[in-house]
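# Summary of structural features
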Amino acid sequence: MKNTKTLSRLFISCYFGLFLVIGLSLLIKQPFGNPPDEYNRYLIPQYIAEHGSLPNGFEESIRIPGYGFSYAFQPILPYMLQGYAMRFVGLFTDSEAALLYTARSVNLILGLFTALLVLLLSEKWFRDRRFGYLFAFLATFLPQSIFVHTYVNTDSCCMLSIACMLYGLTLGLEDAFSVRSSLILSLGIILCALSYYNAYGYILSCILLFTAFFLSFSRQKRSVAVRGSFFLSYTPRKVHFDYLNFLKKGAFISAVVLAGIAWWFIRSAVLYDGDFLGLKTRNACAALYALPEYHPDTRLTWQSQGHSLLDMLRNSDFLTLSVLSFIGIYGPMTIITSVWVYRFYKVLFFFGVLFCILIPPSAIRRNTAVRRNTAGRRNTAGRGFRIFYHGNMIFCIFMPLFLSMIYSYSTDYQPQGRYLLPALLPLCYYTVRGLKKLYGLIRLRIFSAPLPERLLSVLSAVLCILMAGMLILTVYGYAFPYYESNPVAP
């Protein structure tokens, strides 16, 4: 027992230590503007640091050259945190490097909180800590995953919001949405709503699963005589919905969320003539100020050229680049890593998910993210709820891919894996669950005698070390040599 605790502490120390060392290395080493679109995004924190107020989306100084619009039309909570942190640091120094590192450090801190929540989530999703650690390493140290926490963007806050929502939802399904789990869920929804539209599918899924939690079915027994003997049959299922707790707890979560996000959407509605999302106004701004080659009405896209979405998928590198950059392509989509890194993660994700689909749950002891609540009821562990739960998680995996395809097809061809990162946590869950099913099948069905437990510890440790090695190879073997030979951002 003592050895187990020591190994657990060693793992956690290595987990956070590796994150901080590599995160800080990338934060400092990357030239300004080299990460994707950092220059245009950094304009907003700079404006906030200089003026101490939020910019109007039409503000000329923050408009993206050529495209004619700015990112200020969309939620900018991460830029606000960065801007006011820069404003504070600016009281002590006017160093441009210090201000840039300050803005990037905000995202690194958000990434650190994400790593913590992923670790906590792994304890809930996997009772066997060896698989939990494997999940945490896979989700945290995928090369692209840690990369988004090292430069100015909204993706980092988005990943934190998803981890927060999933952790709050998991706790809520355990404790019938206590005040604690409701507050965590509410915080995740607030962070998501104020950072990244592409992850709004998680908010919808949280609402649907929260509602389904209060829905239950019951049957009543009745005796039926057949030829002098009796047997039990059942009346049709009766639906019961706990309106009282649904309204009470739903109102609490809604009140907290509205208190956190209403100000932004009211502000947008006032500034942009009722356009509380800012999307229509952003397009109108682009129509006013964009250069002809970037103008929404004249820009060449797959759609404007009369091609179908299927044509784009068949005749372009969209899927290839999306998959590779989901695993890890650094810089402005120019810094690729070793082919073995891509092969390793392709094999891991593909076969992990495949085993999860093909191997029946009976091959392992059932271990779902939905457990007994404090009242001891099992209505959330029923088969129907589990199917609905996993259906929502699958939706959350495919939703970012669908949005990325539509954006590249109709607006601007950008097959970038960072747009797919909102799918990471549920994808990693099903991957590791598939590996767990495989191990259970081998242990229980193929070998007559149980495999030694130490073997699983060794295998999980080897996989974690391999993932850490792939990240170290990507950063120090490929990214840093590129930065040294290209010290000035293009």
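Reference entry: report on the structure contained in this document. (Residues numbered from 1 in each chain as written. Predicted model: local features only at pLDDT ≥ 70, side-chain atom pairs only at ≥ 80, totals over all residues. Heavy atoms only, no water.)

### Digging into the packing of aromatic side chains
Going through the model one piece at a time under the given rule, you end up with 45 aromatic pairs. Ring geometry for phenylalanine 11 versus phenylalanine 137: centroids 5.2 Å apart, planes at 45°, classification tilted. Linking phenylalanine 11 in helix H1 (residues 2-29) with phenylalanine 137 in helix H5 (residues 129-141), this pair joins segments that are 126 residues apart in sequence. Owing to a relative accessible area of 13%, phenylalanine 11 belongs among the buried residues under this scheme. Since its relative accessible area comes to 6%, phenylalanine 137 is described here as buried. Geometrically, the ring pair formed by phenylalanine 58 and phenylalanine 73 is edge-to-face, given 5.2 Å between the ring centres and 90° between the ring planes. On the criterion of sequence distance, the pair formed by phenylalanine 58 in the loop between helix H2 (38-51) and helix H3 (77-89) and phenylalanine 73 in the loop between H2 and H3 is long-range, its members being 15 residues apart. For phenylalanine 73, a relative accessible area of 0% corresponds to the buried category. What links up through ring pairs into an aromatic cluster is the set Phe177, Phe210, Phe213, Phe214, Phe241, Tyr243 and Phe246. (Phe/Tyr/Trp six-rings, centres within 6.5 Å; stacked < 30°, edge-to-face > 60°. Helix = DSSP H or I, 4+ residues; strand = E, 2+ residues; numbered from the N terminus. Buried < 20%, exposed > 50% of the residue type's maximum accessible area, 1.4 Å probe, protein only.)

### Comments concerning the packing of helix H4 (residues 96-125) against helix H7 (residues 155-175)
Between H4 and H7, the shortest axis-to-axis distance is 9 Å and the interhelical angle comes to 25°. Classed by the angle they form, the pair H4 and H7 counts as roughly parallel. Classified by chirality, the crossing of H7 by H4 is left-handed. On the side of H4, the interface is formed by Asn107, Leu110, Gly111, Phe113, Thr114, Leu117, Leu120, Leu121, Lys124 and Trp125, while H7 contributes Ser156, Cys157, Met159, Leu160, Ala163, Cys164, Leu166, Tyr167, Thr170, Leu171 and Glu174. In terms of residue class, the contact of H4 with H7 is built from 14 nonpolar, five polar and two charged. (Axes fitted to C-alpha atoms, helices over the stretch in contact; angles between N-to-C directions. Parallel < 35°, antiparallel > 145°, perpendicular 65-115°, else oblique. Left-handed = near helix turned anticlockwise from the far one by under 90°. Contact = heavy atoms within 4.5 Å. Nonpolar A, V, L, I, M, F, W, Y, C, P; charged D, E, K, R; others polar.)

### With respect to the packing of H3 against H4
Where H3 meets H4, the axes come as close as 9 Å, and the angle between the chain directions of the two elements is 140°. Considered as vectors, H3 and H4 are oriented oblique to each other. Considering only the axes of H3 and H4, their crossing is right-handed. Contacts between H3 and H4 involve Leu81, Gln82, Ala85, Met86 and Val89 from the former and Leu99, Thr102, Ala103, Val106 and Asn107 from the latter. Considered class by class, the residues forming the contact of H3 with H4 number seven nonpolar, three polar and no charged.

### A look at the state of the cysteines
By definition, a disulfide links the sulfur atoms of two cysteines through a covalent bond. By the definition in use, this model includes zero disulfides. Here cysteine 192 is not cross-linked by a disulfide; its sulfur's nearest cysteine counterpart is in cysteine 158, at 5.9 Å. You can call cysteine 192 buried: its relative accessible area is 0%. In this structure cysteine 396 is not part of a disulfide, and its nearest cysteine sulfur, from cysteine 206, lies 7.5 Å away. (Disulfide = S-S within 2.5 Å.)

### Examining the nonpolar core
Grouped together as the largest cluster of nonpolar side chains are 137 residues, with contacts concentrated most on Tyr15, Phe135, Phe137, Met165, Tyr330 and Tyr345. In terms of residues, this core owes the most to one element, H7, which gives 13 residues. Not counting residues up to four positions away in its chain, the partners in contact with tyrosine 345 are Leu138, Phe141, Leu142, Pro143, Ile327, Met467 and Met470. (Core = buried A, V, L, I, M, F, W, Y, C linked by side-chain atoms within 4.5 Å.)

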